[in-house]
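# Examining the three-dimensional arrangement
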Amino acid sequence: MSERRTGRTGAIGAWLFGAAGPGEPRTMAEALGLAEEAPGLQRLRDAEPRQLARIERLHTAAQRAFEQRTGESVARALEAAVRAGIRESAAGPAGRPPGTGTDRLQAEADAAAQRLAADAALAGGRGLNTGLAFGIVLSPVVLVLALLVGRYLPPLFHGAIGCPEELILMDSLVCFAGGAMGAVFSVIIRLRDAYQLIRPAPGPSAPADIPADPVQLARMMRQEGWYRVVVGWFLASSLFLLINGGILTLLTPPAAPEDMCGTLPLSVAGHQALIKAWFFWGSVGFLAGLNERWAYGLVRRGGEPRPADPPAA
């Protein structure tokens, strides 16, 4: 039972964080069971130096692939191509059309580069989704903690939060949650361009088709995912403080219900005003997390000195 749990935990960990590759990748000669200076390998290296060097780099990258099946499959395909090249080089060039070995090695290398690039894109996308999911799960935890602090912290200092303060706290938390939602939505609608950012840049040099370490890429994208949620929190909170504090007058928050803090039940108009305030602050937070430029522009505008009132006649 413990082994089964360990296997499931390891499978989940490999799906989220990538397969644990070898500490030191094997060279192509080690994978083939040959010495580095084996005659057949040396003949192929002399005949196809650039192609074999590229295949060896791809073979090393395959052992650090994000998905274990992809890495093993790419490594086996490259090893088979090198074995075939060694056999052809041993048979000699007689009867073989010129360029046959080069074309075969290049085709296998191109296929391996495409699969490793797709593996790196998968690692980046999965890491980003994991980071966003962590931020989404963390958001309600932070909201609950903020509510508990607002409810139980003032009595420790012999104080209390009145009804108006509770209403402001609820509005701020609604804006806070909207910022997290906007940040997540902003990342989701930009995922269509994620592969353009992850794939290696084309170039004439051979190492250009070697993708970055997918495990490190997944880790970086996980940090980017929850970082975007945190940015949405802070932008939404900043706009809430600027608007509610009267510093930013471009947006006017709806008035609080007059009978909100009374002893009588809340009227229908009071309910409508309360719902309108929730939608207002939720929309402000959502837009702050969705569009950073819009939020930064409002924050800068709120920081500008307000024009002096004209003198009374």
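Residues take numbers from 1 onward in each chain, read along the sequence in its written order. Whole-chain, interface and lining totals are the exception, using all residues; otherwise, since this is a predicted model, local features are given only for residues with pLDDT of at least 70 and side-chain atom pairs are given and counted only at 80 or more. Note that water and hydrogens are dropped before the side-chain values are worked out from all heavy atoms of the structure.

### Observations regarding the overall build of the protein
Of the regular secondary structure elements, the protein holds 11 helices and zero strands. Under the DSSP-based scheme used, a helix requires at least four consecutive residues in state H or I and a strand at least two consecutive residues in state E, with every element numbered from the N terminus. Listed by position from the N terminus, the elements making up the protein come as α-α-α-α-α-α-α-α-α-α-α. Taken over 313 residues, the protein has a buried fraction of 36%. We call two residues contacting when some pair of their heavy atoms lies within 4.5 Å. In the protein, the proportion of contacts linking residues at least 24 apart, taken out of those at least 6 apart, comes to 81%. In this scheme, a residue with accessible area under 20% of its type's maximum is buried, one over 50% is exposed, and one in between is partly exposed, where area comes from a 1.4 Å probe on protein chains only.

### Quick look at the side chain of D171
Structurally, the position occupied by D171 is in helix 7 (residues 163–189). Charge convention: Lys and Arg are scored as positive, Asp and Glu as negative, and His as well as the terminal groups of each chain are ignored. By convention in these notes, a salt bridge is any Lys or Arg side-chain nitrogen within 4 Å of a carboxyl oxygen on Asp or Glu. Although D171 is buried, it forms no salt bridge, and the closest oppositely charged side chain is K276 at an N-O distance of 13 Å.

### Some words on the pattern of salt bridges
Taken as a whole and assessed by the stated rule, the structure comprises four salt bridges. The salt bridge partner of D110 is R54, with a shortest N-O separation of 2.8 Å. With D110 in helix 6 (residues 100–156) and R54 in helix 4 (residues 49–62), the pair connects residues that are 56 residues apart, well separated along the chain. Here D110 falls in the partly exposed class, since its relative accessible area comes to 31%. Measuring nitrogen to oxygen at the nearest pair gives 3.7 Å for the salt bridge that ties R126 to E67. Placement of the pair is R126 in helix 6 and E67 in the loop between helix 4 and helix 5 (68–91), with a sequence separation of 59 residues.

### Topic: the side chain of T70
Note on placement: T70 falls in helix 5. Setting aside its immediate chain neighbours within four residues, T70 contacts R115 and D119.

### Side note on helix 3 (residues 39–47)
Within helix 3, the full set of buried residues consists of G40, L41 and L44. On an axial view of helix 3, the arc spanned by its buried residues comes to 100 degrees, and they lie on one face. Across from the buried face of helix 3, at angles greater than 90 degrees, the exposed residues are P39 and D46. In this context, the arc is that of the directions from the helix axis out to the C-beta atoms.

### Examining a negative patch on the surface
A cluster of acidic side chains, namely E24, E30, E36 and E37, defines a negative patch on the protein surface. Considering the arrangement of structural elements, one finds E30 in helix 2 (residues 28–32). A residue is classified by how much of its surface remains accessible, and E30, at 49% relative accessible area, is partly exposed. Only residues above 30% relative accessible area that lack a salt bridge enter a patch, with like-charged residues linked at up to 9 Å and the nonpolar side chains Val, Leu, Ile, Met, Phe, Trp and Tyr linked at up to 5 Å. The method behind every accessible area is Shrake-Rupley, applied with a 1.4 Å probe, and residues are considered shielded solely by the protein chains displayed. Here the site of a charge means atom NZ of a Lys, CZ of an Arg, CG of an Asp or CD of a Glu.

### Here we look at helix 10 (residues 268–290)
A rise of 1.5 Å per residue sets the reference length of helix 10, with its 23 residues, at 33 Å; its end C-alpha atoms lie 32 Å apart and thus fit the reference within 8%. Turning to helix 10, its buried residues number three or more, namely G270, L274, A277, F280, W281, G282, V284, G285, A288 and G289. To estimate how far a helix should extend, the number of its residues minus one is multiplied by 1.5 Å.

### What to know about the packing of aromatic side chains
Each aromatic pair joins two rings of Phe, Tyr and Trp (for Trp, the six-membered one) with centres within 6.5 Å, and gets the label stacked for planes under 30 degrees apart, edge-to-face for over 60, and tilted for any other angle. Overall, the coordinates contain four aromatic pairs when judged by the stated rule. Judged by centre distance (4.9 Å) and plane angle (80 degrees), the ring pair of F280 and W281 falls under edge-to-face. Using a relative accessible area of 18% as the deciding quantity, one classes F280 as buried. Chaining the aromatic ring pairs together yields one cluster made of F240, F280 and W281.

### A short note on the packing of helix 9 (residues 214–244) against helix 10
For every element, the axis is a line fit to its C-alpha atoms; helices are fit only across the contacting stretch, and the angle between N-to-C directions ranges from 0 to 180 degrees. The geometry of helix 9 relative to helix 10 is characterised by a closest axis approach of 8 Å and an angle of 130 degrees between their N-to-C directions. Viewed along their axes, helix 9 and helix 10 adopt a mutual orientation that is oblique. At the point where helix 9 passes helix 10, the crossing takes the right-handed sense. Taking contact as the criterion, the partners of G232, L235, A236, L239, F240, I243 and N244 in helix 9 are, on helix 10, W281, V284, G285, A288 and G289. For the contact of helix 9 with helix 10, the per-class residue count stands at eight nonpolar, four polar and no charged. Convention used here: angles under 35 degrees read as roughly parallel, angles over 145 as roughly antiparallel, angles from 65 to 115 as roughly perpendicular, and any remaining angle as oblique. Crossing handedness is read from the near helix: turned anticlockwise from the far helix by less than a right angle, it gives a left-handed crossing, and turned clockwise, a right-handed one. Residues are sorted three ways: Asp, Glu, Lys and Arg are charged, Ala, Val, Leu, Ile, Met, Phe, Trp, Tyr, Cys and Pro are nonpolar, and all the rest, Gly among them, are polar.

### Here's the deal with the confidence of the model for the protein
The pLDDT score gives, residue by residue, the confidence of the prediction method on a 0 to 100 scale. For the protein, the average pLDDT comes to 79, and 77% of its residues sit at 70 or higher. Highest mean pLDDT in the protein belongs to helix 4 (91); lowest belongs to helix 8 (residues 194–198) (49). When the criterion is pLDDT under 50, residues 1–6 qualifies, and its contacts beyond four places in sequence or with other chains add up to zero contacts. Scored below 50 in pLDDT, residues 200–207 shows eight contacts in the model against residues more than four places distant or in partner chains.

### Brief notes about the nonpolar core
Grouping buried Ala, Val, Leu, Ile, Met, Phe, Trp, Tyr and Cys residues that are joined through side-chain atoms within 4.5 Å yields what is termed a nonpolar core. Membership of the largest hydrophobic core comes to 23 residues, with the highest contact counts inside it found for L41, I55, L58, L78, V82 and L116. When contributions to this core are tallied by element, the ones reaching two or more residues are helix 2, helix 3, helix 4, helix 5 and helix 6. With six residues, the top contributor of residues to this core is helix 5.

### Some remarks on a nonpolar patch on the surface
Taken together, the side chains of V141, V144, L145, L148 and Y152 make up a nonpolar region of the molecular surface, amounting to roughly 490 Å² of accessible area. Its place among the elements puts V141 in helix 6.

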